[in-house]
Amino acid sequence: MARAFGIVTSSGSHINVGGLQQYRPIGAFSLLGRYRVIDFPISNMSNSGIDRIQVYVTNKPRSLVEHLGTGRHYNINSKRGKLQLMFSQNSSENDVYNTDIAAFAENLEFIERMHEPYVIIAPAYMVYAANYSELLQAHIDSGADISLLYHSVDNARESFLNCDILNLNKQKGVESIEKNRGSAQKRNIFMDTYIMNKELFIDLIKKAKKISSMYTLPQIVAASLGDLDIRGIAHRGYFASITDFNSYYNANLSLIDIKTAEGLFNPEWPIYTRTNDSCPTQYLEGADVKNSVISNGCIIEGTVENSVIGRGCQIKPGAVVKNSVVLAHTVVGENAHIENQVMDKWARVIHGNEIIAEEGHPGYIRRDDIL
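What comes next concerns the included structure. (Residues numbered from 1 in each chain as written. Predicted model: local features only at pLDDT ≥ 70, side-chain atom pairs only at ≥ 80, totals over all residues. Heavy atoms only, no water.)

Mapped onto the elements of the fold, Ser-63 is located in helix H2 (residues 62–68). For Ser-63, a relative accessible area of 11% puts it in the buried group. Excluding residues within four positions of it along the chain, Ser-63 makes contact with Arg-24, Pro-25, Ala-28 and Arg-36. (Helix = DSSP H or I, 4+ residues; strand = E, 2+ residues; numbered from the N terminus. Buried < 20%, exposed > 50% of the residue type's maximum accessible area, 1.4 Å probe, protein only. Contact = heavy atoms within 4.5 Å.)

This next bit is on a nonpolar patch on the surface. A cluster of nonpolar residues, Val-96, Tyr-97 and Met-214, forms a patch on the protein surface that exposes about 250 Å² of accessible area. Here Met-214 shows up in the loop between helix H6 (198–211) and helix H7 (217–223). (Patch = residues over 30% accessible without salt bridge, like charges linked within 9 Å, V, L, I, M, F, W, Y side chains within 5 Å. Areas by Shrake-Rupley, 256 points an atom, 1.4 Å probe, with all protein chains shown as cover. Salt bridge = Lys/Arg side-chain N within 4 Å of Asp/Glu carboxyl O.)

The next subject is the sheet that holds strand S27 (residues 354–356). On the basis of which strands lie adjacent, the open sheet formed by 5 strands has the order S15-S18-S21-S24-S27 and parallel pairing. The strands lining the two open edges of the sheet, one partner per strand, are strand S15 (288–290) and S27. Taken over all neighbouring pairs, the strand axes of this sheet differ in orientation by 5° on average, direction set aside. Judged from the 3 bridges that link them, strand S24 (residues 337–339) and S27 form a sheet pairing that is parallel. The residue of S27 that forms the bridge with Ile-338 is Ile-355. (Pairing = 2+ DSSP bridges. Axes fitted to C-alpha atoms, helices over the stretch in contact; angles between N-to-C directions.)

Looking now at the environment of Val-96. Within the element layout of this structure, Val-96 appears in the loop between strand S5 (82–87) and helix H3 (100–106). Along the primary structure Val-96 and Gly-18 are separated by 78 residues, whereas in three dimensions their C-alpha atoms are 18 Å apart.

We now examine the packing of aromatic side chains. Under the counting rule described, the total for this entry stands at 9 aromatic pairs. Aromatic pair Phe-190 and Tyr-194: ring centres 5.2 Å apart, planes at 90°, arrangement edge-to-face. Take Phe-190 and Tyr-194: they sit in the same class, and that class is buried. Clustering of aromatic rings is evident, with ring pairs tying together Tyr-35, Phe-40 and Phe-265. (Phe/Tyr/Trp six-rings, centres within 6.5 Å; stacked < 30°, edge-to-face > 60°.)

Now for the pairing of strand S4 (residues 52–57). Most of S4 sits out of view: 5 of its 6 residues are buried. Where strand S1 (residues 4–9) meets S4, 3 bridges bridge the pair, whose relative direction is parallel. Bridged to Ile-7 within S4 is Gln-54. One ladder, built from 6 bridges, connects S4 with S5; its direction is parallel. Bridge pairing in S5 places Val-57 opposite Phe-87.

This is the structure in structure tokens:
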């Protein structure tokens with residue numbers, strides 16, 4: 001039995017991915033045509049031997065609940081393991097009260113019932129691979145009260161602007177936690193991943209509730225820096241944070257490159273997802289595909305370049321799709337041209353339209369739109 005149980009948190013109210021998030025939470029976003037963003041933290045936990053996992057869900061839960069199902073496709077031990085959905089929205093009047101601390105407090109009895117002595121908390125809006133079993137052992141060996149996972153980047157002025165950063169001393173001790181305001185290129189991006197003793201976690205929840213109804217877990221941890229031994233653990237490999245529209249678009253296109261994708265996908269560390277049985281993609285006469293990821297069930301008759309195409313899409317004769325993320329069951333009609341776009345599920349561009357956005361500023365074609 002694992003020494004830790006897992007918690008996968010939902011995104012905070014400070015994170016908003018325009019358009020897409022209107023229909024589903026970030027954890028349910030399609031990634032690389034086949035996966036959902038939440039597949040990555042749950043697969044990390046499952047591969048690490050953690051088979052008791054709580055997934056916190058707030059608004060628009062339908063697509064996420066449908067995707068998770070019983071959790072059996074995540075290779076969770078069916079006898080002792082369990083994937084629990086924890087519904088946590090408790091205020092419809094003001095979203096600032098729907099914090100992670102409020103969600104934990106609302107479900108506190110289920111946290112207290114867990115038999116494992118440690119908890120590993122990971123977000124449903126960050127994409128990376130990590131062995132939590134090794135991280136837990138490193139945490140125990142260090143003697144720290146809390147360990148925080150971080151990723152060092154050199155593009156923090158223009159990216160990760162909605163993320164927290166860790167300021168560390170030479171011994172990897174956390175000196176402060178603050179928002180990335182784009183004031184420096186090199187930063188240690190906090191991956192919203194925590195390792196701590198379960199009893200300490202419960203104490204922090206109760207302490208935060210007493211201080212403020214708007215307190216978050218990062219805030220109570222930051223407020224405890226003077227009292228607790230809190231240390232950072234560095235992460236290596238691929239890392240993406242889905243915190244705005246551009247970061248979602250860039251995460252998809254970055255994984256087209258095989259060398260980049262190798263930093264995330266490893267045959268010995270499988271990423272589990274819900275399977276979708278359909279026929280292989282058909283490439284008919286006139287199809288021209290370059291540097292793209294095409295999911296199964298598609299019919300390709302036009303040109304696709306540097307794009308991610310989801311399941312069951314149709315690219316008609318003469319159509320051009322470039323530098324775009326096309327979600328499942330969409331239709332790009334004859335002679336239509338879309339470029340630098342995110343095309344949501346079930347949308348159709350059927351009138352030969354040109355929909356081209358400026359490079360670096362991707363556009364959005366809404367779900368169910370007919371253009």
